[in-house]
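Residue-level structure breakdown
Spelled out from the first residue to the last, the chains are:
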Amino acid sequence: MKSIIVDEASGIGGGSAFELTRRLDQIELAGLRRVLRSAGPACAPRMTMGGVPCILMASNDYLGLSQHPAMISAMSSALDARGAGSGASRLISGTLDSHLELERTIAWFKGTEAALFFSTGYMTNLAVITGLAQTGDLVISDELNHASIIDACRLSNAHVMVYRHRDVEHAASLLAGSEAPVKLIVTDGVFSMDGDLAPLKELMELARKTGALLVVDDAHGTGVWGETGRGTVE
């Protein structure tokens with residue numbers, strides 16, 4: 001946990017605190033300030049928000065797995081057997097047998113050589129994109145990609161170019177003639193705000209022609225799309 005210390009009496013942090021307050025006021029005036037709302041008692045089709053009964057249609061729990069009896073039972077058993085955490089980062093002593101079992105299962109399900117598990121989608125995009133691309137490389141990103149992809153592209157220090165939404169020809173024009181040692185085409189599988197699908201077949205053909213790698217964030221496709229639920233890539 002991190003803390004910001006402001007001591008108005010001594011002036012420590014005072015000037016900065018006043019400036020941050022001014023910026024917050026500007027966000028408020030623009031109608032862009034976001035406020036956390038209490039919801040509960042759990043993520044379910046019917047719940048309350050601010051004490052008001054609601055039907056929940058804003059969740060990513062498309063398959064209802066968070067409340068599935070088998071899932072709850074498995075998690076309860078794991079807590080009893082293994083405790084509430086791994087106790088260390090995965091590179092030290094935090095990679096448990098259960099992590100490896102999960103990753104082997106995911107790789108089997110996705111039909112891939114291997115899989116790597118992260119705690120959140122945001123962490124995944126940051127790790128994947130910054131791990132693959134660096135200074136001197138080229139990243140081509142759909143203009144409606146998720147904010148975590150945008151942040152990851154920036155943090156990679158690669159040259160980032162944005163193509164028009166689902167416009168493969170525009171993406172191809174940005175890739176044309178690039179001599180970057182590593183070229184990435186990055187897209188959501190299902191675009192979370194619009195619900196439309198990326199043209200993955202055409203993007204894959206473009207990647208093969210240009211020697212680029214295609215990175216697909218399928219957070220909203222896995223379990224929902226594909227003949228066997230393996231996502232938009234399937």
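Residues numbered from 1 in each chain as written. Predicted model: local features only at pLDDT ≥ 70, side-chain atom pairs only at ≥ 80, totals over all residues. Heavy atoms only, no water.

This paragraph deals with the sheet that holds strand S3 (residues 52-55). Neighbouring strands of a sheet are bound in pairs by backbone hydrogen bonds; such pairs are parallel or else antiparallel. An order of S1-S2-S3 is seen for the three strands of this open sheet, with the pairing classed as antiparallel. Two strands bound the open sheet, and with one partner strand each, they are strand S1 (39-40) and S3. The pairing of S1 with strand S2 (residues 46-49) spans two bridges and is antiparallel. Along S2, the bridge assignment pairs Ala39 with Met49. (Pairing = 2+ DSSP bridges. Helix = DSSP H or I, 4+ residues; strand = E, 2+ residues; numbered from the N terminus.)

Time to look at the environment of Glu202. For Glu202, the location among the structural elements is in helix H8 (residues 200-210). Glu202 sits 62 residues away from Ile140 along the chain, and the two C-alpha atoms are 14 Å apart.

Turning our eyes to something else, we now look at the packing of aromatic side chains. For the coordinates displayed, the defined rule picks out zero aromatic pairs. Looking at Arg230, its charged tip hangs above the ring of Trp108, at a distance of 5.6 Å from the centre. (Phe/Tyr/Trp six-rings, centres within 6.5 Å; stacked < 30°, edge-to-face > 60°. Lys NZ or Arg CZ within 6 Å of the ring centre and 35° of its normal.)

What follows covers the side chain of His170. Looking at where His170 falls in the secondary structure, it is placed in helix H7 (residues 168-175). Looking at His170, the relative accessible area reads 15%, which means it is buried. Beyond its immediate sequence surroundings of up to four residues, His170 is in contact with Val162, Tyr163 and Arg164. (Buried < 20%, exposed > 50% of the residue type's maximum accessible area, 1.4 Å probe, protein only. Contact = heavy atoms within 4.5 Å.)

By size, the foremost hydrophobic cluster in this structure holds 16 residues, and its most contacted members are Ile140, Tyr163, Leu175, Ile185, Leu203 and Leu206. Breaking this core down by element, the ones donating at least two residues are strand S4 (138-142), H7 and H8. Apart from the residues lying within four places of it in its own chain, the contact partners of Leu206 are Val168, Ala171, Ala172, Leu175 and Ile185. Val139, Ile149, Cys153 and Val186 belong to the second largest nonpolar core, which has ten residues in total. (Core = buried A, V, L, I, M, F, W, Y, C linked by side-chain atoms within 4.5 Å.)

Let us now look at the sheet that holds strand S6 (residues 183-188). The four strands lie next to each other as S5-S4-S6-S7, forming an open sheet whose pairing is parallel. Where the open sheet ends on each side, the last strands, each with one partner, are strand S5 (159-163) and strand S7 (213-217). When strand polarity is set aside, the average angle formed by the axes of neighbouring strands in this sheet is 20°. (Axes fitted to C-alpha atoms, helices over the stretch in contact; angles between N-to-C directions.)

Let us look at helix H2 (residues 69-82). The terminal C-alpha atoms of H2 lie 20 Å apart, and with 14 residues this matches the ideal 20 Å at 1.5 Å per residue to within 8%. Gly83 sits one or two residues past H2 and shows a positive phi near 85°. (Expected span 1.5 Å × (residues − 1).)

Turning to the packing of H7 against H8, a few remarks are in order. Here H7 crosses H8 at 15°, and the two axes come no closer than 10 Å. With respect to H8, the element H7 is oriented roughly parallel. Judged by the sense of rotation from one axis to the other, the crossing of H7 with H8 is right-handed. Counted together, Val168, Ala171, Ala172 and Leu175 of H7 and Glu202, Leu203, Leu206 and Thr210 of H8 form the full contact between these two elements. (Parallel < 35°, antiparallel > 145°, perpendicular 65-115°, else oblique. Left-handed = near helix turned anticlockwise from the far one by under 90°.)

This part covers helix H4 (residues 97-110). The periodicity of an α-helix, 3.6 residues per turn, causes residues three or four places apart in sequence to face the same way. Under the 1.5 Å per step criterion, the end-to-end length of H4 is 20 Å for 14 residues, consistent within 8% with the ideal 20 Å. When we look at burial in H4, the residues that qualify are His99, Glu103 and Ala107. Buried residues of H4, seen end-on, are gathered within an arc of 70° and therefore sit on one face of the element. Residues of H4 that are exposed and angled more than 90 degrees away from the buried face: Asp97, Arg104 and Trp108. Along its buried surface, H4 packs onto helix H3 (90-94). Following H4 by one or two positions, Gly111 adopts a phi angle in the positive range, close to 70°. (Arc of directions from axis to C-beta.)

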